[in-house]
Amino acid sequence: MSDSEEIVLYTNPMSRGRIARIMLEEVGQPYRAEILDYGTTMKAPKYLAINPMGKVPAITHRGQVVTEAAAVCAYLADAFPDVGLAPEASSPLRGPYYRWLFFAAGPLEAAVTARSLGTLPPPEKAAMVGYGSYDAVVDGLEHALKPGPWILGDRFSAADVYVGAQISWGLMFKTLPDRPAFVDYAERLEARPAWKRAAEKDDALMPKEG
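Here the structure is a predicted model, which is why all the values come from computation and not from measurement.

Conventions used here
Residues numbered from 1 in each chain as written. Predicted model: local features only at pLDDT ≥ 70, side-chain atom pairs only at ≥ 80, totals over all residues. Heavy atoms only, no water. Core = buried A, V, L, I, M, F, W, Y, C linked by side-chain atoms within 4.5 Å. Buried < 20%, exposed > 50% of the residue type's maximum accessible area, 1.4 Å probe, protein only. Helix = DSSP H or I, 4+ residues; strand = E, 2+ residues; numbered from the N terminus. Salt bridge = Lys/Arg side-chain N within 4 Å of Asp/Glu carboxyl O. Contact = heavy atoms within 4.5 Å. Pairing = 2+ DSSP bridges. Axes fitted to C-alpha atoms, helices over the stretch in contact; angles between N-to-C directions. Phe/Tyr/Trp six-rings, centres within 6.5 Å; stacked < 30°, edge-to-face > 60°. Lys NZ or Arg CZ within 6 Å of the ring centre and 35° of its normal.

### Points about the nonpolar core
It is characteristic of soluble globular proteins that their nonpolar side chains tend to be buried jointly.
Consideration 1: Core analysis: the biggest nonpolar cluster contains 57 residues, and Met23, Leu76, Tyr97 and Ile167 have the highest contact counts within it.
Consideration 2: At the level of secondary structure, the elements contributing two or more residues to this core comprise strand S1 (7-11), helix H1 (17-27), helix H3 (69-79), helix H4 (94-117), helix H5 (134-145), helix H6 (158-172), helix H7 (180-190) and helix H8 (193-203).
Consideration 3: The dominant element in this core, judged by the number of residues it contributes, is H4, at nine residues.
Consideration 4: Tyr10, Tyr47, Val56 and Ala58 belong to the second-largest nonpolar core, a separate cluster that totals seven residues.

Rendered as structure tokens:
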């Protein structure tokens, strides 16, 4: 494998980099993980040359840098189309695929973050934010998941990797309500072999207690 074809994942086991690793395990291509520490290697000149934000995840592949977990998921699905993790451009599922991938990266993450920080807008200001309200976002997500088993119905896709990670963590950290549609969806995702492999690799890198 040439250097340009090598996939390098820049990550930390306590970060959104876990999403990128799940996606890489789903894709099934070889990759090398560079583990960065907050405040040191993540902010060092070598990594800032890759991502000036000094945040993870990032991947390098074919001479390009891709940052942001949702973008990494979308990129890898397109870079390796034979894996079937993105609907074809001509597929009617392409629209819903983009819709829910970016819904999770935009309104969902923004609403959950604002609620966690206590910065949700008052009702009279809700029209000023893209997500409208936390309750509207949660209800919309639940509506999308109810047909199941995946966000596109019977077809699993990269959108499930990203949406699923948001829901799994939301349930874990109590930033999303434990509605049956969310719990069942998270359980299906966490049972996938790729999810388990990724979790084992990242969990092994977690700081040891004591």
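Now, onward.
### Focus on the pattern of salt bridges
Consideration 1: Inspection of the entire model under this criterion finds 13 salt bridges.
Consideration 2: For Glu6, the salt bridge is made with Arg32, and the minimal N-O distance between the two is 3.0 Å. Placement of the pair is Glu6 in the segment before S1 and Arg32 in strand S2 (residues 31-35), with a sequence separation of 26 residues.
Consideration 3: With a closest N to O distance of 3.5 Å, Arg155 and Glu88 form a salt bridge. With Arg155 in the loop between H5 and H6 and Glu88 in the loop between H3 and H4, this pair connects stretches of sequence that are 67 residues apart.
Consideration 4: Linked by salt bridges that have partners in common, Glu6, Arg32 and Glu34 make up one network.

### Remarks on the side chain of Arg18
Consideration 1: The topology assignment puts Arg18 in helix H1.
Consideration 2: Residues within four places of Arg18 in sequence aside, it is in contact with Thr11, Pro13, Trp169, Ala199, Asp202, Asp203 and Met206.

### Focus on the sheet that holds S1
Consideration 1: The strand order across the open sheet formed by four strands is S2-S1-S3-S4, and the pairing between neighbours is mixed. On the outer flanks of this sheet lie S2 and strand S4 (64-67), each paired with one strand and no other. Sheet twist, expressed as the mean angle between neighbouring strand axes with direction ignored, is 20°.
Consideration 2: Two elements, S1 and strand S3 (residues 58-61), share three bridges in a ladder whose sense is antiparallel. Within S3, the position partnered with Val8 by the bridge is Thr60.
Consideration 3: Of the strands in this sheet, S1 and S2 touch H1, which is tilted by about 155° from S1.

### A few points about the side chain of Asp202
Consideration 1: Within the secondary structure, Asp202 sits in helix H8.
Consideration 2: Here Asp202 falls in the buried class, since its relative accessible area comes to 1%.
Consideration 3: In contact with Asp202, other than residues within four places in its own chain, are Pro13, Arg18 and Arg21.

### Quick notes on the pairing of S4
Consideration 1: The sheet contact formed by S3 and S4 spans four bridges and is antiparallel. Across the sheet, residue Ala58 finds its bridge partner in S4, namely Thr67.
Consideration 2: Here S3 hands over to S4 after two residues, with Arg62 in that stretch at a positive phi of 55°.

### Re the packing of aromatic side chains
Consideration 1: In total, this model carries six aromatic pairs according to the counting rule given.
Consideration 2: For the ring pair Tyr10 and Tyr47, a centre distance of 5.5 Å and an interplane angle of 45° mean the geometry is tilted. Highlighted residues: Tyr10 in strand S1 and Tyr47 in helix H2 (residues 45-48), separated in sequence by 37 residues.
Consideration 3: Given the relative accessible area of 14%, Tyr10 is considered buried.
Consideration 4: On the basis of an interplanar angle of 70° and a centroid distance of 5.1 Å, the ring pair of Trp100 and Phe103 is categorised as edge-to-face. You can see Trp100 and its partner Phe103 sitting in helix H4, three residues apart, about one turn around the helix.
Consideration 5: Given the relative accessible area of 8%, Trp100 is considered buried.
Consideration 6: With a relative accessible area of 18%, Phe103 lands in the buried category.
Consideration 7: One aromatic cluster in this structure is built from Tyr97, Tyr98 and Phe102.
Consideration 8: Above the ring of Phe80, the side-chain terminus of Arg62 is found at 5.7 Å from the ring centroid.

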